[in-house]
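Working through the structure, step by step
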Amino acid sequence: MNTVTNNTGIPLALAVWVMHDEYDYINEPNYISVTQLMKPIRQIILPKRVPPELLATDVEDYVASALGKSIHDSVEKAWLKGYKRNLAKLGYPPTLIDRVLVNPTDAVLAATPDGIPVYLEQRVTKNVDGHKVGGKYDLIAEGIIHDIKSTTAYTWLYGGRDEDYIMQGSIYRWLNQDKVTEDFIRIVFVFTDWQKASAKQNPNYPQKRLEQKELPLWSIEKTEQWIRAKLAQLEKYKDAEDQHIPECTDEELWKSDPKYKYYSDPTKVSGKSTKNFDDAVEARKYMANEKGGKGVIITVPGEVKRCEYCNAAPICKQRERFLIK
């Protein structure tokens, strides 16, 4: 077991909580989880080659994950142990509450024709092309996949992860075709940085601390085609050298757009820029109209964000080019 440092001085009472993990990881040679399958091909293959001495981590690295797991665990506990009481508090009549069945077996469901099944945190696996693909969904109710995300308001504002949510939901539907009857996923957000003042000032800002959005899923056929193609890619490159494994795309790297900084004095580009632009053409137009175009435009490449969270980072040659520390 590798020792986890606590260089940021997180209090022991919370450090123990942060490090606690009861997740039922599957350790089988041909098993691959939904979340793993969704990663770029390099992020799946290369981490297995990282020497143990380069895998040093700090308690701080686990805080976000601990918060997310705590929310998921609390939601599951509320449904398993208190759903009748809580539904009554919300005004639902006893006749409806009695029909709700949490994680019912097929026999119980068959014996309750008017039952309303709610499934929580159940792992399902399916064999395909020599692999076992599996995943544990958060919640399925009314035939709808619900996925709980603890995240920032920025994610809601800009929808940068929507394609990932759609992919994840599509694979969960593919795994659970007997339970999922709707062709969309319901993403339930818990915002970790929500501000009431921002909600009042910006109508596009999440108006509540807890929100939801619905996104269309891929067809079952498209999903299976994607899964088979990804598994074939894994087989092809699992033993390949780094330089032969396909590089992560800008989208997979969560790469931001470049910025264009205009300096009216070309001799002072180390200081504050005169004006910043998101578009190169607009920057050039501005320079042409500013003092006869005697300034200079410096292009600042987009930031690569995913490498910071990738376990392959210590040995990835593509990452080295970005000079990410």
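Look up: the structure comes first, before these words.
Report on the accompanying structure. (Residues numbered from 1 in each chain as written. Predicted model: local features only at pLDDT ≥ 70, side-chain atom pairs only at ≥ 80, totals over all residues. Heavy atoms only, no water.)

**Regarding unusual backbone geometry**
Its identity is not glycine, yet N103 carries a phi of approximately 50°, on the positive side. Note that N103 resides in the loop between β4 (100-102) and α6 (106-110). Classification of N103 by relative accessible area gives partly exposed; the value is 25%. Positive phi outside glycine occurs at E142, with the angle close to 55°. (Helix = DSSP H or I, 4+ residues; strand = E, 2+ residues; numbered from the N terminus. Buried < 20%, exposed > 50% of the residue type's maximum accessible area, 1.4 Å probe, protein only.)

**Some points on helix α11 (residues 280-289)**
Among all positions of α11, only A280, A283 and M287 are buried. The buried residues of α11 occupy an angular sector of 60° when the element is viewed end-on, so they sit on one face. The secondary structure elements touched by the buried residues of α11 are β12 (259-263), β13 (275-277) and β14 (296-300). Where α11 starts, the residue carrying a side-chain oxygen 3.0 Å from the main-chain nitrogen of V281 turns out to be D279. (Arc of directions from axis to C-beta. Contact = heavy atoms within 4.5 Å. Polar contact = N/O pair within 3.5 Å; in protein donor to acceptor, adjacent residues only side chain to side chain.)

**Quick look at empty space enclosed by the protein**
Under the criterion given, the structure shown has one cavity of 30 Å³ or more. In this structure, the largest cavity encloses a volume near 110 Å³. Residue lining of the largest cavity: 13 residues in total, with C248, L253, C307, C310 and C316 positioned closest to the centre. Taken together, the elements giving at least two residues each to the lining of the largest cavity come down to α3 (41-45) and α12 (317-321). Tallied by class, the residues present in the lining of the largest cavity amount to seven nonpolar, two polar and four charged. (1 Å grid on protein atoms, 1.4 Å probe; cavity = no way out; pocket = protein on both sides within 12 Å on 5 of 7 lines; lining within 4 Å. Points joined across faces, edges and corners; volume = space filled by probe spheres on them. Nonpolar A, V, L, I, M, F, W, Y, C, P; charged D, E, K, R; others polar.)

**Let's talk about helix α4 (residues 63-89)**
In this model, α4 (27 residues) spans only 33 Å end to end at C-alpha, well below the 39 Å of a helix rising 1.5 Å per residue. Of all the bends found along α4, the most pronounced is centred on G82 and spans about 90°. Every buried residue of α4 is accounted for by A66, G68, H72, G82, Y83 and L87. Looking at the buried side of α4, the elements it contacts are α1 (12-19), α5 (94-97), β4 and β9 (144-151). Taken from the residues just after α4, G91 is the one with a positive phi, measuring 95°. (Expected span 1.5 Å × (residues − 1). Bend = angle between axes of the 7 residues up to and from the residue.)

**Digging into the nonpolar core**
Counting residues in hydrophobic clusters, the biggest one holds 44 residues, and the most contacted among them are L37, V133, I171, I227, L231 and L234. Elements with a minimum of two residues in this core: α2 (34-37), α3, β6 (123-128), α7 (153-158), α8 (162-175), β10 (184-191) and α10 (220-237). Looking at this core element by element, the count peaks at seven residues for α8. Setting aside anything within four residues of it in sequence, one finds L231 in contact with I32, L37, V128, H131 and V133. Counting residues in each nonpolar core, the second largest holds eight residues, with L87, V100, L120 and A141 among its members. (Core = buried A, V, L, I, M, F, W, Y, C linked by side-chain atoms within 4.5 Å.)

**A few points about the packing of aromatic side chains**
The geometry of an aromatic ring pair comes down to the distance between the two centres and the angle between the two planes. Taken as a whole, this structure holds 10 aromatic pairs when the rule is applied. With 5.6 Å between their ring centres and 90° between their planes, W156 and F189 make a pair best called edge-to-face. Here the residue W156 occupies a position in helix α7, and F189 occupies one in strand β10, the gap between them amounting to 33 residues. Owing to a relative accessible area of 1%, F189 belongs among the buried residues under this scheme. Relative to W226, the ring of W218 has its centre 6.1 Å away and its plane inclined at 55°; by these criteria the two rings are tilted. (Phe/Tyr/Trp six-rings, centres within 6.5 Å; stacked < 30°, edge-to-face > 60°.)

**What about the sheet that holds β13?**
Across the sheet, which stays open at both edges, the three strands sit in the order β13-β12-β14 with antiparallel pairing between neighbours. At either end of the open sheet lies a strand with only one pairing partner, and these are β13 and β14. If you compare each strand with its neighbour and ignore which way they point, the axes differ by 25° on average. Where β12 lies against β14, five bridges are found, and the strand directions are antiparallel. Bridge pairing in β14 places K261 opposite I298. (Pairing = 2+ DSSP bridges. Axes fitted to C-alpha atoms, helices over the stretch in contact; angles between N-to-C directions.)

**Topic: a nonpolar patch on the surface**
On the surface, L14, W17 and L67 cluster together into a nonpolar patch covering about 270 Å² of accessible area. Note that L14 resides in helix α1. Residue classification places L14 among the partly exposed positions, given a relative accessible area of 44%. (Patch = residues over 30% accessible without salt bridge, like charges linked within 9 Å, V, L, I, M, F, W, Y side chains within 5 Å. Areas by Shrake-Rupley, 256 points an atom, 1.4 Å probe, with all protein chains shown as cover. Salt bridge = Lys/Arg side-chain N within 4 Å of Asp/Glu carboxyl O.)

**Examining the state of the cysteines**
Tallied over the entire structure, the rule returns zero disulfides. This cysteine, C316, is not joined by any disulfide, and C307 carries the nearest cysteine sulfur, 6.3 Å off. (Disulfide = S-S within 2.5 Å.)

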